[in-house]
Amino acid sequence: MKKEIIYYESGSMGFPNSVELLESNKGKILEEGSELIVDLKEHKILHFWDKMDELQVWKWKREYNPKYEILDGHTWELKLRNRNGRTRNFDGHESYPNNYNEFIKELNNLFGSEIKDEKFEL
């Protein structure tokens, strides 16, 4: 079994938000400059991986960027490696996969976080 990686970080102006899977089913949440370590239930981690398959996150593009240059705005980064060793890294700037909001809901479900990085519809 490979070491699992679930790492997500995002930010715009102000403090970055992030969640990260640590050793021994611990999770680190960084929101608004405050850090919290939480216990993650094994069944929630397994559910998260099932949802990543269901959402087809593995098929996302490597990078999401706007058509035109934007000097500021929301940036995000995601690193995943499941127990089977399947690995993908993604990042974006003011641009998102179609099911990004559903992905954020699953992150919040796993970590008990309150990430509000829902994409904006223009």
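For the structure, check the block above.
Along each chain, residue indices are assigned from 1 in the same order as the chain's sequence is written. Side-chain atom pairs in this predicted model are given and counted only at pLDDT of 80 or more, local residue features only at pLDDT of at least 70, and totals for whole chains, interfaces and linings cover all residues. Only hydrogens and water are removed before side-chain values are computed, so all heavy atoms of the structure are retained for them.

J.: Before we go on, may I ask you to explain the nonpolar core in this structure?
T.: Here, the term nonpolar core denotes a set of buried Ala, Val, Leu, Ile, Met, Phe, Trp, Tyr and Cys residues that are joined through side-chain atoms within 4.5 Å. Three labels apply to residues, based on accessible area from a 1.4 Å probe with only protein chains included: buried if under 20% of the type maximum, exposed if over 50%, partly exposed otherwise in between. By size, the foremost hydrophobic cluster in this structure holds 28 residues, and its most contacted members are Tyr-8, Phe-103 and Leu-107. Helix and strand definitions follow DSSP, with helices as H or I runs of at least four residues and strands as E runs of at least two, each counted in order from the N terminus. Put simply, the parts of the chain that give this core at least two residues each are strand E1 (5-11), strand E2 (17-21), helix H1 (42-54), strand E6 (75-81) and helix H2 (100-111). Per element, the largest residue contribution to this core is six residues, and it comes from H2.

J.: In this structure, what is going on with the pattern of salt bridges? I would like to understand it.
T.: Opposite charge on two side chains allows them to pair when their charged atoms are near. A pair is scored as a salt bridge if a Lys or Arg side-chain nitrogen falls within 4 Å of a carboxyl oxygen belonging to Asp or Glu. Under the criterion given, the structure shown has seven salt bridges. Between Glu-4 and Arg-83 there is a salt bridge, with its nearest N and O atoms 2.9 Å apart. Pair noted here: Glu-4 is in the segment before E1 and Arg-83 is in the loop between E6 and strand E7 (87-93), with a separation of 79 residues, a long-range link. Neither residue differs from the other here; Glu-4 and Arg-83 are each classed as buried. Between Asp-39 and Lys-26 there is a salt bridge whose closest N-O contact spans 2.4 Å. Of this pair, Asp-39 sits in strand E4 (residues 34-39) while Lys-26 sits in strand E3 (residues 26-31), placing them 13 residues apart in sequence. Of the residues examined, Asp-39 reaches a relative accessible area of 58% and is grouped as exposed. It is possible to trace a salt-bridge network through shared partners that takes in Glu-4, Glu-42 and Arg-83.

J.: Sorry if this is basic, but what is going on with the packing of H1 against H2 here?
T.: A packed helix pair is summarised by two numbers, namely the angle formed by the two axes and the spacing between the axes. For helices, the fitted line uses only the C-alpha atoms of the stretch in contact; every axis is such a line through C-alpha atoms, and the angle between N-to-C directions lies from 0 to 180 degrees. Packing of H1 against H2 brings their axes to within 10 Å, and their N-to-C directions diverge by 170 degrees. Looking at the two axes, H1 sits roughly antiparallel to H2. Facing Lys-44, Ile-45, His-47, Phe-48, Lys-51 and Met-52 of H1, the residues of H2 in contact are Phe-103, Glu-106, Leu-107, Asn-109 and Leu-110. Taken together, the residues that form the contact of H1 with H2 break down as six nonpolar, two polar and three charged. Oblique is the label for any angle not covered by the other classes, which are roughly parallel (under 35 degrees), roughly antiparallel (over 145) and roughly perpendicular (65 to 115). Note on contacts: a residue pair qualifies if any of its non-hydrogen atoms lie within 4.5 Å across the two residues. Put simply, Ala, Val, Leu, Ile, Met, Phe, Trp, Tyr, Cys and Pro go in the nonpolar bin, Asp, Glu, Lys and Arg in the charged bin, and everything else, Gly too, in the polar bin.

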